[in-house]
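Residue-level structure breakdown
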Amino acid sequence: MEVRLSGRTAVVTGGASGLGRAIALRFADEGAFVVVGDVRREPREGGATTEELLGDRGQFLEADASRWDDLDRLVSTAVERGGRLDVMVNNAGIAGRYSKPLLETEEEDWDAIMAVNLRGVFLGCKRAVGQMVEQEPVGEVRGRVVNISSQHGMIGPPGHVAYAASKGGVVNLTRQVAVDYGPRGVLVNAVAPGKILTGSPEQQAPETLAYSHARTPFHRLGRPDDVAGAALFLASDDSGYVSGINLLVDGGWMAY
Ligand SMILES: NC(=O)c1ccc[n+]([C@@H]2O[C@H](COP(=O)([O-])OP(=O)(O)OC[C@H]3O[C@@H](n4cnc5c(N)ncnc54)[C@H](O)[C@@H]3O)[C@@H](O)[C@H]2O)c1
């Protein structure tokens, strides 16, 4: 079977669980060597760890995506292994207890979300693009960045001020970096997931599920593999002329 990332190296932040885990495993299935960073090892949804499932197709490092030194270690590990970094996936993101309406949001909530969701993507782009512009192109492309944004970066989702602002920042950061580094052969895109079922079923609030079903025209909510497929497209030669986009994977949420 032909694989689409044969001989490529990739970094995925937040790859112990959920979407990052699905992306890392899909990339490895397609022949990439995948360096996964996360602040935890065990998947939030349970089951075997990403590290176990990757085996010798990748490496897991404890790494906080809001810290330059940790992103540096992730990229350096990929470069040591493959001589280059082909794909950077800035996926790590948080919301949870920090995500509230404006008047309930304390400065600490804002800073916690921004540190991972926006500063982390900025630092990940900076470290990855710095590497990519120094390496020889494969075909016409020196490297590819895939940022994980959200449909909530394009609208005002009720009750999530810092999260929405952070994801809106990711959408425009993606465009901006695509513009600055396209001339040097770096393709930079985002994937905007709609409601994707991650974590364990007990972690899903019934009111959030009901809202998501009401907003999603397709007859089911998303699966992590739906997002992995879009990330694979943007990571592979299939998307050779695609840059600066925010690819919705949302079952039609934003068309509503
Ligand atoms: N699931 C959805 O419906 C959905 C929708 C839109 C956007 N997203 C975005 O997709 C991304 C992944 O979401 P998910 O649903 O898989 O979440 P998840 O909580 O299931 O997994 C996120 C992973 O990131 C890790 N992480 C958290 N903070 C980190 C840090 N500072 N450094 C490194 N790793 C860290 C967590 O430990 C966890 O393993 C996030 O950016 C999220 O905002 C998700």
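We now turn to the structure provided with this report. The numbering scheme is per chain: residues are counted from 1 as the chain's sequence reads. Two thresholds apply to this predicted model, a pLDDT of at least 70 for residue-level local features and 80 or more for giving and counting side-chain atom pairs, whereas whole-chain, interface and lining totals are computed over all residues. Side-chain numbers come from the whole structure's heavy atoms, not from hydrogens or water.

Here we look at the site of the ligand
To keep it simple, the criterion reads: Note on terminology: near, applied to a residue and a molecule or strand, indicates that one of the residue's heavy atoms is within 4 Å of it. Each polar contact in these results corresponds to two N or O atoms within 3.5 Å; when the atoms are within protein, one needs to be able to donate a hydrogen and the other to accept it, and residues that are neighboring in sequence are counted only if both atoms are side-chain atoms. Note that accessible areas follow from Shrake-Rupley with a 1.4 Å probe, and for residues the cover is restricted to the protein chains shown. Classification convention: Asp, Glu, Lys, Arg as charged; Ala, Val, Leu, Ile, Met, Phe, Trp, Tyr, Cys, Pro as nonpolar; all other residues, Gly among them, as polar.
Neighbouring the ligand are 27 residues; Ser17, Asp38, Asn91, Tyr163 and Thr198 lie closest to it. Contact between the ligand and Gly194: an oxygen atom at 3.2 Å from a main-chain N or O atom of the residue. The separation between an oxygen atom of the ligand and a polar main-chain atom of Ile196 is 2.8 Å. Surface burial for the ligand is 89%, taken as the share of its 830 Å² of free accessible area covered by protein chains. Of the residues assigned to the shell around the ligand, the class counts are twelve nonpolar, nine polar and six charged.

Here we look at the side chain of Asp109
This is how the line gets drawn: Strands are runs of DSSP state E lasting at least 2 residues, helices are runs of H or I lasting at least 4, and numbering of each runs from the N terminus. For each residue, the accessible area found with a 1.4 Å probe, counting protein chains only, is set against the maximum for its type, and the residue is called buried under 20%, exposed over 50%, and partly exposed in between. For this analysis, residues touch if any pair of their heavy atoms sits within 4.5 Å.
Of note, Asp109 is situated in helix α4 (residues 107–132). With a relative accessible area of 9%, Asp109 lands in the buried category. Aside from chain neighbours lying at most four places away, what touches Asp109 is Arg97, Tyr98, Lys100 and Glu104.

Quick word on the nonpolar core
Applied cut-off: Take the buried Ala, Val, Leu, Ile, Met, Phe, Trp, Tyr and Cys residues and link them wherever side-chain atoms come within 4.5 Å; each set so joined is a nonpolar core.
Ile23, Phe27, Val34, Val89, Val146, Val191 and Val227 are the most contacted members of the largest nonpolar core, which totals 30 residues. At the level of elements, β1 (9–13), α1 (18–29), β2 (33–38), β4 (87–90), β5 (143–148) and α7 (224–235) are the ones that each hand at least two residues to this core. Among the nonpolar cores identified, the runner-up in size contains 25 residues, and Phe33, Val75, Val145 and Leu173 belong to it.

Concerning the environment of Ala162
Among the secondary structure elements, Ala162 is positioned in helix α5 (residues 161–181). For the pair Ala162 and Tyr98, spaced 64 residues apart in sequence, the C-alpha to C-alpha distance is 8.1 Å. Ala162 has contacts with Trp110, Ile113 and Met114, leaving out every residue within four places of it along the chain.

Some details on the pattern of salt bridges
To keep things clear, this is the line we draw: By definition, a salt bridge exists where a carboxyl oxygen of Asp or Glu is found within 4 Å of a side-chain nitrogen of Lys or Arg.
Scanning the entire structure with this criterion turns up 14 salt bridges. When the shortest N-O distance is used, the salt bridge between Asp72 and Arg127 registers 2.6 Å. Placement of Asp72 in helix α3 (residues 68–82) and of Arg127 in helix α4 is noted, with a sequence separation of 55 residues between them. By relative accessible area, which is 27% here, Asp72 ends up partly exposed.

A closer look at the sheet that holds β2
Spelled out, the test is: Strands were regarded as paired on the criterion that DSSP finds at least two bridges between them. Interaxial angles span 0 to 180 degrees and are taken between N-to-C directions of axes, which are lines fitted to C-alpha atoms, for helices over the stretch in contact.
Spatially, the seven strands line up as an open sheet ordered β3-β2-β1-β4-β5-β6-β7, and their pairing is parallel. Strands at the two margins of the open sheet, each flanked by one partner only, are β3 (58–62) and β7 (246–249). Within this sheet the neighbouring strands show an average axis-to-axis angle of 15°, counted without direction. Two strands pair when backbone bridges link them, and strand β6 (residues 186–193) and β7 are joined in this way by four bridges, in the parallel orientation. Across the sheet, residue Pro193 finds its bridge partner in β7, namely Val249.

Notes on the pairing of β5
Which entries qualify depends on this criterion: By the criterion used throughout, a crossover qualifies as right-handed when its path from the first strand across the helix to the second strand runs clockwise, the strands pointing away from the viewer.
Most of β5 is tucked away, with six of its six residues classed as buried. Burial along β5 is two-sided: Gly143, Val145 and Asn147 and Arg144, Val146 and Ile148, pointing in opposite directions, are all buried. In terms of strand pairing, β4 meets β5 through four bridges, oriented parallel. The partner of Val89 across the bridge, within β5, is Val146. The handedness of the β4 to β5 crossover, carried by α4, is right-handed.

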